[in-house]
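Now for the letters of each chain:
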Amino acid sequence: MALYVRFERADGRRGAGVLEDGMVRVVEEPFWEETRATGEVLPLASLRLLPPCVPRSIVCVGLNYGSHLQGRPVPDPPTLFFKPLSSVAGPGDAIVLPPGCGRVDPEGEIVIVIGRRVKGATREEAEAAIFGFTAGNDVSARVWQQQDGQWWRAKGSDTFGVFGPAIVTGLRHDELEVVTRLNGREVQRGRSTELIRDIPEIVRFVSAVMTLVPGDVIFTGTPGSPPEIHPGDVVEVEVTGAGVLRNEVRAG
């Protein structure tokens, strides 16, 4: 198992590394096919962590846990949507609630990180294309989600595509758990074995129609029924091995 992060130094320079015992072993980018250490080692405390990859595409799966369906039928085909790159936020960034957005919920999710170019994959090829996993928060403005024909603002507003802090590698897709906490209180818990469409199937389905490239991310769906968030709240999403994604909520 390894933990990959991206970071910004105090002087603004950015880089990537492997996190080990509170230190970051700096590596050359890209690191998808080979990890090449530069020899530099930095204290994690001296760095600001960024989203752990720079995706070309952010794909999301909706309604992929039975506990989130709340009696609704399983979507067939599955419900997929995109988040714009402008929505990306990372560990420690604020979740900013736009004016007039109404109710906003967090959605803690297991996020797939793609590590090789893949198109038209078999299930086995889809699994082989996965580099690792991270934690994600598919922040969702419910009123806009119900009102709009497309979810462009409900799920695509600035800071609504949160993921990080690290990409964990070396774990099986069926041994992952996601836990969401709001102000320290657990509000969501789900396992990858509970997904209606499991992780290899999600990658296979997406790759049937679009090319995925290293660094692309896929949000796999959220369990349960998350509560509303408000300015001043703190949301934490934890995924097995990938660490805790922590974000404060602010008014826009």
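As shown above, the structure is provided for reference.
Not measured: the values here are computed from a predicted model.

**Remarks on the environment of Leu-182**
Structurally, Leu-182 can be placed in strand S15 (residues 177-182). Along the chain, Leu-182 and Val-239 lie 57 residues apart, while their C-alpha atoms are 15 Å from each other. Not counting residues up to four positions away in its chain, the partners in contact with Leu-182 are Val-187, Pro-227, Glu-228, Ile-229, Asp-233, Val-234 and Val-235.

**Observations concerning the pairing of strand S14 (residues 161-169)**
Across the nine residues of S14, nine count as buried, placing the element largely inside the fold. Pairing of strand S1 (residues 2-8) with S14, which is carried by three bridges, proceeds in the antiparallel orientation. Each bridged residue has a counterpart across the sheet, and for Leu-3 the counterpart in S14 is Val-168. Pairing between strand S8 (residues 88-89) and S14: two bridges, direction parallel. Across the sheet, Val-88 pairs through a bridge with Gly-161, a residue of S14. Bridge count for strand S12 (residues 130-138) against S14 is five bridges, and the pairing is antiparallel. Considered in S14, the bridge of Gly-136 is made with Phe-163.

**Quick look at the environment of Val-179**
Within the element layout of this structure, Val-179 appears in strand S15. Between the alpha carbons of Val-179 and Thr-122 there is a distance of 30 Å; along the sequence they are 57 residues apart. Residues within four places of Val-179 in sequence aside, it is in contact with Glu-186, Gln-188, Arg-189, Glu-236, Val-237 and Glu-238.

**Describing the nonpolar core**
Grouped burial of nonpolar side chains is what soluble globular proteins tend to show. One finds Ile-112 and Ile-218 to be the most contacted residues of the largest nonpolar core, which totals 53 residues. If one sorts the elements of this core by residue count, helix H4 (residues 199-207) sits on top with four residues. In this structure, Val-18, Val-27, Val-111 and Val-113 belong to the second largest nonpolar core, which totals 18 residues.

**Observations concerning the side chain of Lys-155**
With respect to the helices and strands, the residue Lys-155 is situated in the loop between helix H3 (142-147) and S14. Residue Lys-155 is classed as buried on the basis of its relative accessible area of 3%. Within the structure, the side chain of Lys-155 is placed 3.5 Å from the side chain of Glu-107, a separation counted as a polar contact. Within the structure, the side chain of Lys-155 is placed 2.7 Å from the side chain of Ser-140, a separation counted as a polar contact. Aside from chain neighbours lying at most four places away, what touches Lys-155 is Phe-81, Lys-83, Glu-107, Asp-138, Val-139, Ser-140, Arg-142, Gln-145 and Phe-160.

Conventions used here
Residues numbered from 1 in each chain as written. Predicted model: local features only at pLDDT ≥ 70, side-chain atom pairs only at ≥ 80, totals over all residues. Heavy atoms only, no water. Helix = DSSP H or I, 4+ residues; strand = E, 2+ residues; numbered from the N terminus. Contact = heavy atoms within 4.5 Å. Buried < 20%, exposed > 50% of the residue type's maximum accessible area, 1.4 Å probe, protein only. Pairing = 2+ DSSP bridges. Core = buried A, V, L, I, M, F, W, Y, C linked by side-chain atoms within 4.5 Å. Polar contact = N/O pair within 3.5 Å; in protein donor to acceptor, adjacent residues only side chain to side chain.

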